[in-house]
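Report on the structure
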Amino acid sequence: MKRGSGLDIIRARLIYNPISGREEVKRRLPSILQRLERSGIETSCHATESKGDAIRAASQAAERGFDMVISAGGDGTLNEVVHGLSEHENRPALGILPLGTTNDFARAHGIPKKWEDACDLITKRYTTPVDVGCANDKYFINIAGGGSLTELTYEVPSKLKTMVGQLAYYMKGLEKIAHLNPTQMKITAEGVGEFDEEFMLFLIANSNSVGGFDRLAPNASTNDGVFDVLALRKCNLGEFIRIATMVMRGESVANDPHFIHFRSSRIVVESDRRVQLNLDGEFGGTLPCVFNMLPSHLQVIVDERGETSYRKNGPGRALQL
C-alpha cells in the first residue's frame, strides 16, 4: 500500500485481548475505532476468547485480503497475531497497540505506550521490514528462551497481571529463584560451534528489549537477519543474584564470564531432560528445538523517525505503505 491523499480506504482487522494491560483496550475500544476511522482506516474487530484465538483471527484476516492487521494487547497477543500472519505468502502490514504489561517489541521499535499516540502512528502507515523467528513449527518476533526462570512469564496469572502489572513478574521471580537448577543442554549454532554443558537458562533474542530490559542483548536488531544468543552457565545462588542485580540496574551482562554470547541465524538446542520453551512470553513447547531466522518476514508499522515514548532510539529505517 501507499499512503494516499486521504480518500483511500484501508481495511484493517483489529485483534484485541480484552483483559490485557488492566483491561485498558476494552475501555478504550470505541475511542480507538473512532480515531482510526477518521483517518481512513476502516476497522473491524475480533475479541480473543481463548488461547490460539488470535492465531486463527490473524490467519483469516490474511486469507480475506485485509490491508492491515492491528494487534491490541500484550506480547502474548502479538505473538499469536505474528504466528497467524507468518504462515501466509501474502501478509498484511502489522500495526501494534501495546496495551499489555511489558510490551517488549514496542519498546524496541518506537511504538508509543500511550494509546492515542500509538493510534496516530498507525494512521501514518509507515512500515519497516522485521525478521521473525521460527521455533520448530511455531513463530516468535521478540524472544525465545528455555530454563526454569523463563517459565515465569506464562505462569503469572492474568488476573494478577491485571491488578499489579509488571510487579507480578517480580513477585513470581522471587518465588522461583530459590528453586533454580542448572540443566544439561547441547547448543549448536551455525557458524559458531557447539556448547554441551549445564546451563541455568538460554535466551534467543530478536530485539534489544527482553522482559522490559534493554541491556541484556543491547545490539540485537529485528532487521539484521541473526539472533543474539545468551546462555547462562551453571552458577550458585549468590552468583545468580549478583547477575540478576546487574540486569535490574540496567547494566550489560553480555561480557560476564558466566554467559556465552554469540550471534547466529540457526540454533539447535537439545537436552535429555524436559525443558520448557518460552516464545514471546508464552509457552512454546519443549526441547529439542531448531530455531531458524526468517529475514524481513513481516512489514511492521513504526515511527518513521524511530522515536518512542519508552526511550529514544535515534533515526529509524522506514518505508511508506
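All values reported here derive from a predicted model rather than from experimental measurement.

If you look at the biggest cluster of nonpolar residues, it comprises 25 residues, and the most contacted ones within it are V81, L85, L94, L298 and V300. Mapped onto this core, the elements with two or more residues apiece are α2 (53-63), α3 (75-86), β4 (93-98), α4 (104-108), β5 (126-135) and β15 (289-301). Broken down by element, this core gets its largest block of residues, five residues, from α2. Once residues lying within four places of it in the same chain are set aside, the contact partners of L85 are A58, A62, V69, R91, P92, L94 and L298.

In this chain, L287 is followed by P288 through a cis amide linkage whose omega measures 5°. Mapped onto the elements of the fold, P288 is located in the loop between β14 (282-286) and β15. Despite not being glycine, S296 has its phi angle at roughly 50°, a positive value. Here S296 lies in strand β15. Relative accessible area serves as the criterion here: at 42%, S296 is assigned to the partly exposed category.

Relative to the assigned elements, L78 resides in helix α3. Spatially, the C-alpha atoms of L78 and L97 are 9.4 Å apart, while their sequence positions differ by 19 residues. Ignoring any residue separated from it by four or fewer positions in sequence, one finds L78 in contact with S71, L94, I96, F105 and I141.

Within this structure, the stated rule accounts for zero disulfides. The thiol sulfur of C289 is not disulfide-bonded, and the nearest other cysteine sulfur, from C134, lies at 8.2 Å. C289 sits in the buried class, given a relative accessible area of 2%.

On to the confidence of the model for the protein chain. Looking at the protein chain as a whole, the pLDDT averages 84, with 82% of positions reaching at least 70. Here residues 159-174 is modelled with pLDDT under 50, and outside its nearest four sequence neighbours on either side it reaches 32 contacts, counting other chains as well. pLDDT under 50 marks residues 312-321. Its contacts with residues more than four places away, or in other chains, come to 37 contacts.

What follows deals with the environment of G193. Summarising the element assignment, G193 is placed in strand β9 (residues 193-205). Along the chain, G193 and F262 lie 69 residues apart, while their C-alpha atoms are 9.9 Å from each other. If we ignore the near neighbours within four places in the chain, the residues touching G193 are I187 and T188.

Our next topic: the packing of α2 against α3. The interhelical angle for the contact between α2 and α3, taken along N-to-C directions, is 40°, at an axis separation of 7 Å. Considered as vectors, α2 and α3 are oriented oblique to each other. Between α2 and α3 lies a crossing of right-handed hand. From α2, D53, A54, I55, A58, S59 and A62 reach across to α3, where they touch T77, E80, V81, H83, G84 and L85. Of the residues contributing to the contact of α2 with α3, the split by class is six nonpolar, four polar and two charged.

Our next topic: the packing of helix α1 (residues 24-38) against helix α5 (residues 115-124). Interaxial distance between α1 and α5 falls to 10 Å at its minimum, and their mutual angle equals 35°. In the crossing of α1 with α5, the sense of the turn from one axis to the other is right-handed. For the pair α1 and α5, the contacting residues are E24, R28, S31, I32, R35 and L36 in the first and W115, E116, C119, D120, I122 and T123 in the second.

For helix α9 (residues 237-248), spanning twelve residues, the distance from its first C-alpha to its last is 16 Å, which sits close to the expected 16 Å at 1.5 Å a residue. Every buried residue of α9 is listed here: F240, I243, M246 and V247. With its buried residues spanning 120° around the axis, α9 presents them on a single face. The backbone nitrogen of G238 has a side-chain oxygen 3.2 Å away, supplied by the residue at the start of α9, namely N236.

Summed over all chains, the structure comprises four aromatic pairs. Relative to F227, the ring of F140 has its centre 5.6 Å away and its plane inclined at 20°; by these criteria the two rings are stacked. Here the residue F140 occupies a position in strand β6 (residues 138-140), and F227 occupies one in strand β10 (residues 227-233), the gap between them amounting to 87 residues. Overall, the relative accessible area of 0% leaves F227 in the buried class. Measuring from centroid to centroid gives 6.3 Å for F140 and F291, while their planes differ by 80°, and the two rings are edge-to-face. With F140 in strand β6 and F291 in strand β15, this pair connects stretches of sequence that are 151 residues apart. Each of the two residues, F140 as well as F291, counts as buried. The structure contains a cluster of three or more aromatic residues connected by ring pairs, namely F140, F202, F227 and F291.

How each quantity is defined
- Residues numbered from 1 in each chain as written.
- Predicted model: local features only at pLDDT ≥ 70, side-chain atom pairs only at ≥ 80, totals over all residues.
- Heavy atoms only, no water.
- Core = buried A, V, L, I, M, F, W, Y, C linked by side-chain atoms within 4.5 Å.
- Buried < 20%, exposed > 50% of the residue type's maximum accessible area, 1.4 Å probe, protein only.
- Helix = DSSP H or I, 4+ residues; strand = E, 2+ residues; numbered from the N terminus.
- Contact = heavy atoms within 4.5 Å.
- Disulfide = S-S within 2.5 Å.
- pLDDT = per-residue confidence, 0-100.
- Axes fitted to C-alpha atoms, helices over the stretch in contact; angles between N-to-C directions.
- Parallel < 35°, antiparallel > 145°, perpendicular 65-115°, else oblique.
- Left-handed = near helix turned anticlockwise from the far one by under 90°.
- Nonpolar A, V, L, I, M, F, W, Y, C, P; charged D, E, K, R; others polar.
- Expected span 1.5 Å × (residues − 1).
- Arc of directions from axis to C-beta.
- Polar contact = N/O pair within 3.5 Å; in protein donor to acceptor, adjacent residues only side chain to side chain.
- Phe/Tyr/Trp six-rings, centres within 6.5 Å; stacked < 30°, edge-to-face > 60°.

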